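Summary of the model geometry
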Amino acid sequence: MPGIFGIVPAGDGPRQKLDADLTAMADVMRHRPYFRQDSAIVGGAAIGIIGPRVTNPEPQPQTSADGAMHCVFYGELFDPLGISRRLDIRADAATPDSQVVLRAFQKHGPDCIDSLAGAHAGFVYDTRKRTGYLFTNRLGLKGIYYTVCPNGTLIFASELKAVTAAPCFSGTMDEQGVAEFLALGYPCFDRTFINEIKYLPHGTILTFANGRVSERQYWDFPKRPKFKEHEFEAAAEEGAAILKRAIGRQATRYEGAGVFLSGGMDSRGIAVMAAQAGARLRAFSLGGLKNAEQRLAGRVARRLGLESHRLEIPGDFLCDHGAHGAWYTDGAFPVNHMHWLAHLDFIGSRTRSIFSGYLGGMLLGGLVIKVPDNDRPDLYREQVVNKFASDHYFWQHGLQPAWSQQLGDTRQASIEYVRATIGDRGRADETDRLDLCTMERRYINTGINGMIGSIADVRFPYGDYELLDFYSRVPGNWRLGSRLYKRMLTIAMPEVIDIPVVSAGTNFIETRIDVEPGQLKRRWTNARKKLFHFASCLTGGRLSIANRRTYVHYAHWYRTEPRFRQWIAELLTSQRTLDRGYYDRQGVQTLLDLQLKRGYVFDVIARMISFEFWNRYFIDQDTPAARPDVVSPQGEQVDVMRVQ
């Protein structure tokens with residue numbers, strides 16, 4: 001994703017070399033020619049920012065009045081005037097967020113960090129102390145990668161490839177990170193694919209001085225004081241009001257924003273409550289006319305009078321866009337989750353600020369562990385471990401035997417580490433905490449910010465600190481089955497409560513789509529599935545019917561799009577790929593045959609595709625090319641990445 005980047009030597013270095021190294025980092029983060037870049041060398045540190053810059057239009061780095069402190073800041077503060085009042089610093093409506101942050105550090109030092117409520121990442125450098133502070137917000141909604149070279153130089157950036165692009169960097173593959181990715185779909189905690197590069201954890205500030213770094217986690221999911229059971233309705237009323245304030249504050253701060261509107265509740269909540277606050281968002285929805293997500297999103301958009309765009313996903317879109325999707329996401333995000341790739345250029349030509357409803361379901365509902373929340377840690381630890389350690393055994397089938405065994409051993413080490421990190425917050429709360437360190441980190445930063453951030457600033461209303469503080473007072477068992485979230489939304493958005501919901505494993509508001517089917521209907525549905533699988537196997541996978549309930553149909557596309565099948569086969573069984581020694585030709589073919597006949601191993605295939613792209617970009621040093629065929633919101637011609 002676009003964002004901040006920098007190089008901070010432990011001592012004095014040649015200014016010309018610093019400038020060249022900083023340029024090399026910026027070049028790989030320039031995903032669109034309309035990106036604005038600001039950079040400077042201040043007190044021996046080279047720092048900069050690059051991106052669409054809708055939420056950060058001010059020149060950066062910002063410098064203090066005495067010239068001693070400098071700040072680069074990417075993202076936004078949720079309530080900058082309120083923060084300024086609480087920290088007793090001077091600011092008005094025209095003061096840039098980066099200047100508010102700089103003044104906060106001037107007056108309070110790094111102790112101010114938890115007061116800077118927002119979705120952001122930043123770096124503040126004190127030239128007098130030759131000390132730098134690298135930080136992210138409570139939930140880590142803007143990811144930061146960093147490394148300290150053997151000579152004591154700190155390198156940091158919002159993209160992994162920008163760190164590796166610095167000429168002074170050298171690194172080696174982290175097999176444990178690779179094992180976690182192939183088995184689970186994401187590297188866990190602060191791990192990446194490269195041993196020497198770490199991911200700054202959520203709610204953490206890093207201090208760099210004299211060639212050394214120290215991390216301090218200033219926020220984590222608290223052991224929460226409980227509402228009493230009879231206070232449930234009052235809590236729901238309070239939560240609904242906080243949610244409306246959180247969305248309204250952000251929706252009215254910048255004009256011309258967009259929202260990815262699905263058939264679920266989180267994006268619907270943003271659209272409705274933004275409309276209640278007087279904002280008018282552009283809505284973008286994926287899927288075909290017979291798709292349930294698309295139909296329901298269309299009904300919400302029409303009800304609210306939103307400018308709405310229906311975007312069809314081509315069955316072979318990965319053939320044309322998968323390579324640059326892997327480039328945007330540092331090769332660490334499985335390609336089967338890149339649903340928006342085919343339409344990024346269209347969306348980027350209409351808006352450069354996108355609201356994401358992500359984290360709404362996680363923080364306030366959506367948990368699928370249907371057991372009491374007050375068990376002792378020793379009784380629920382293994383259930384939490386199993387949620388994060390479970391995987392499809394097919395992940396090892398396409399690998400060379402020696403590599404498969406090696407990764408299996410390193411993955412077991414990851415499981416033991418997860419087991420050791422589980423605390424005593426309670427099952428539901430501990431599951432959310434670990435989600436944020438693993439799965440949510442993948443979707444937020446390598447996924448949403450990496451992919452959507454390549455065309456627009458991404459914004460997260462559900463990360464509002466006032467909402468987080470409310471969440472910290474909520475008993476975990478209120479959230480099981482989205483009991484509290486369902487009630488909050490019923491109170492907050494009565495305008496669309498009658499429109500059905502497509503939910504991912506959780507019933508938000510009971511409708512005819514979410515109501516559990518009767519026994520006879522379940523038996524008939526299961527019988528049809530078995531009959532279809534039997535017929536599909538008999539025909540060698542040539543029989544295929546798309547699932548109209550969801551907007552992605554990888555099994556259907558794989559059967560019906562010869563170009564798609566050929567692209568995958570050529571990528572995974574090419575001599576270039578096999579010569580790396582990771583994949584086994586016969587094993588890969590077995591996976592592809594299973595996908596054709598039964599259609600349930602594409603998660604594994606997608607991870608293998610992404611890992612091969614990672615090797616091409618980070619080991620072979622390939623880069624996608626560019627083609628000028630897209631018009632930006634200002635009307636100028638812009639470039640997009642092209643598959644090679």
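All of these numbers come straight from a predicted model, not from anything done at the bench.

To continue, consider the overall build of the protein chain. Of regular secondary structure, the protein chain possesses 24 helices and 19 strands. Here the protein chain holds 644 residues, and the buried ones make up 60% of them. For the protein chain, long-range pairs separated by at least 24 residues make up 71% of all intrachain contacts whose partners lie at least 6 apart in sequence. As displayed, the protein chain has an accessible area near 24700 Å², and 50% of this comes from carbon and sulfur atoms.

For Thr-351, the location among the structural elements is in the loop between helix H10 (344-348) and strand E16 (353-355). Thr-351 gets classed as buried once you look at its relative accessible area, which sits at 2%. A polar contact of 2.8 Å, which involves the side chain of Thr-351, links it to the backbone oxygen of Gly-256.

Another aspect to go through is the pairing of strand E3 (residues 45-51). Burial of E3 is extensive: seven of the seven residues sit out of reach of the surface. Because side chains alternate across E3, one face comprises the buried residues Ala-45, Ile-47, Ile-49 and Gly-51, and the other comprises Ala-46, Gly-48 and Ile-50, equally buried. Pairing geometry for strand E1 (residues 3-8) and E3, over five bridges, is antiparallel. Residue pairing in the sheet places Gly-3 in a bridge with Ile-50 of E3. Here seven bridges tie strand E2 (residues 36-42) to E3, and the two strands are oriented antiparallel to one another. Residue Arg-36 lies in a different strand from E3, and its bridge partner there is Gly-51. Once E2 ends, the chain turns through two residues before running back antiparallel as E3, passing Gly-43 with a positive phi of about 60°.

This part covers the sheet that holds strand E13 (residues 258-260). Two strands in a sheet stick together by hydrogen bonds in their backbones, pointing the same way (parallel) or opposite ways (antiparallel). Here five strands make up an open sheet; going across it, the order is E15-E14-E13-E16-E17 and the pairing parallel. Every interior strand has two partners, whereas the edge strands, strand E15 (307-311) and strand E17 (457-459), have only one. Looking at each pair of strands side by side, their axes are set apart by 25° on average, direction ignored. Examined bridge by bridge, E13 and E16 share two bridges and lie parallel to one another. From the neighbouring strand, Val-259 faces E16, where its bridge partner is Phe-355.

Analysis parameters
Residues numbered from 1 in each chain as written. Predicted model: local features only at pLDDT ≥ 70, side-chain atom pairs only at ≥ 80, totals over all residues. Heavy atoms only, no water. Helix = DSSP H or I, 4+ residues; strand = E, 2+ residues; numbered from the N terminus. Buried < 20%, exposed > 50% of the residue type's maximum accessible area, 1.4 Å probe, protein only. Contact = heavy atoms within 4.5 Å. Areas by Shrake-Rupley, 256 points an atom, 1.4 Å probe, with all protein chains shown as cover. Polar contact = N/O pair within 3.5 Å; in protein donor to acceptor, adjacent residues only side chain to side chain. Pairing = 2+ DSSP bridges. Axes fitted to C-alpha atoms, helices over the stretch in contact; angles between N-to-C directions.

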